[in-house]
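# Structural overview for review
The chain contents come next:
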Amino acid sequence: MERRVFLLLGASLSLAACATTPPTLGSDGRPLPKVYTISPADERVVSFRLLDSVNTLRAARSLTPLSFDARLNAAAATHSRDMSVQNRPWHFGSDGSSPYVRAQRSGYTGRLVGELISETYETELETLSTWMANPDTRAIIMDPSARLLGFAWFQEPSGKIWWTLMTGA
């Protein structure tokens, strides 16, 4: 009898250890989002995961794949940090610079197809999904003339991420 109680108690404790804790709920009763933190070790993974996803979307429409351009990456990184400083997502720099000017300053001499920006706590793939859901931003990613991609972000200590994606021809 003692053995059965001991086995039953052990099984109960094992099952209790497997139980997941419920998510923390906000004032609206919905689960609070978890902060997506990009560690320095994950930076290359994040960049190439986005590039692979963009190229998968483009391949589904028989479009040429994009490749990273260091100059567009630099322009995107500059703008992501600047949007954080300004605390607003918009296409103009704190010095009044446009996406075209920022691309030129970074040494890019090709044609800039477009720039996408986002202020979010979401992952790069969630952000890409949001861009693809809007016809205007999807057109920049899926532009048949695009050949190059610049992609960067700046993450604040709070976890907020300022994403910038640029495409060039």
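First, a word on scope: everything that follows refers to the structure included in this document. (Residues numbered from 1 in each chain as written. Predicted model: local features only at pLDDT ≥ 70, side-chain atom pairs only at ≥ 80, totals over all residues. Heavy atoms only, no water.)

### Observations concerning the overall build of the protein chain
- For the protein chain, the helix and strand inventory stands at six helices and four strands.
- Walking the protein chain from its N terminus toward its C terminus, one meets helices and strands in the order α-α-β-α-α-β-α-α-β-β.
- Burial status across the protein chain gives 40% buried among its 169 residues.
- Counting only contacts in the protein chain whose residues sit at least 6 apart along the sequence, the fraction spanning at least 24 positions is 66%.
- For the protein chain, the accessible surface area stands at approximately 10,200 Å², while carbon and sulfur atoms represent 59% of it. (Helix = DSSP H or I, 4+ residues; strand = E, 2+ residues; numbered from the N terminus. Buried < 20%, exposed > 50% of the residue type's maximum accessible area, 1.4 Å probe, protein only. Contact = heavy atoms within 4.5 Å. Areas by Shrake-Rupley, 256 points an atom, 1.4 Å probe, with all protein chains shown as cover.)

### Some thoughts on the nonpolar core
- Judged by nonpolar contacts, the single largest core of 23 residues is most densely connected at Ile141 and Trp163.
- Where this core is concerned, the elements lending two or more residues are helix H2 (43-59), strand E2 (112-120), helix H5 (124-133), helix H6 (135-141), strand E3 (148-155) and strand E4 (161-168).
- Among the elements that make up this core, the one with the highest residue count is H2 (four residues).
- In this structure, Ala75, Ala103, Leu112 and Ala152 belong to the second largest nonpolar core, which totals nine residues. (Core = buried A, V, L, I, M, F, W, Y, C linked by side-chain atoms within 4.5 Å.)

### Overview of the layout of surface pockets
- Considered as a void within the structure, the largest pocket measures approximately 200 Å³ in volume.
- Elements that contribute at least two residues to the lining of the largest pocket include exactly H2 and E3.
- Broken down by element, the residue count for the lining of the largest pocket peaks at four residues, all from H2. (1 Å grid on protein atoms, 1.4 Å probe; cavity = no way out; pocket = protein on both sides within 12 Å on 5 of 7 lines; lining within 4 Å. Points joined across faces, edges and corners; volume = space filled by probe spheres on them.)

### Considering the packing of aromatic side chains
- One pass over the structure, following the stated rule, counts five aromatic pairs.
- Taking 5.7 Å as the distance between ring centres and 50° as the angle between the ring planes, the aromatic pair formed by Phe151 and Trp153 counts as tilted. With respect to class, Phe151 is no different from Trp153; both count as buried.
- Pairwise contacts between aromatic rings join Phe151, Trp153 and Trp163 into one cluster.
- The ring of Trp90 is capped by Arg88, whose NZ or CZ atom sits 3.9 Å from the centre of that ring. (Phe/Tyr/Trp six-rings, centres within 6.5 Å; stacked < 30°, edge-to-face > 60°. Lys NZ or Arg CZ within 6 Å of the ring centre and 35° of its normal.)

### Some thoughts on unusual backbone geometry
- Although it is not a glycine, Ser62 sits at a positive phi angle of roughly 60°.
- Mapping Ser62 onto the fold places it in the loop between H2 and strand E1 (67-68).
- Given the relative accessible area of 71%, Ser62 is considered exposed.
- Here Asn87, not a glycine, exhibits a phi torsion of approximately 55°, which is positive.
- Within the fold, Asn87 resides in the loop between helix H3 (70-86) and helix H4 (99-105).

### Quick word on the sheet that holds E3
- Here we have four strands laid out as an open sheet, ordered E1-E3-E4-E2, and mixed in their pairing. Each of the sheet's edge strands pairs with one partner strand only, and the pair in question is E1 and E2.
- Running at roughly 135° to E3, H2 makes contact with E1, E3 and E4 of the sheet.
- Seen against the sheet, H5 touches E2, E3 and E4 and runs at an angle of roughly 120° to E2. (Pairing = 2+ DSSP bridges. Axes fitted to C-alpha atoms, helices over the stretch in contact; angles between N-to-C directions.)

### Re the environment of Ile38
- As for its placement among the helices and strands, Ile38 is situated in the loop between helix H1 (2-18) and H2.
- Between the C-alpha atom of Ile38 and that of Thr123, which follows or precedes it by 85 residues, the distance is 9.0 Å.
- In this structure Ile38 touches Glu43, Val46, Trp153, Gln155, Ile161 and Trp163, once residues within four positions along its chain are discounted.

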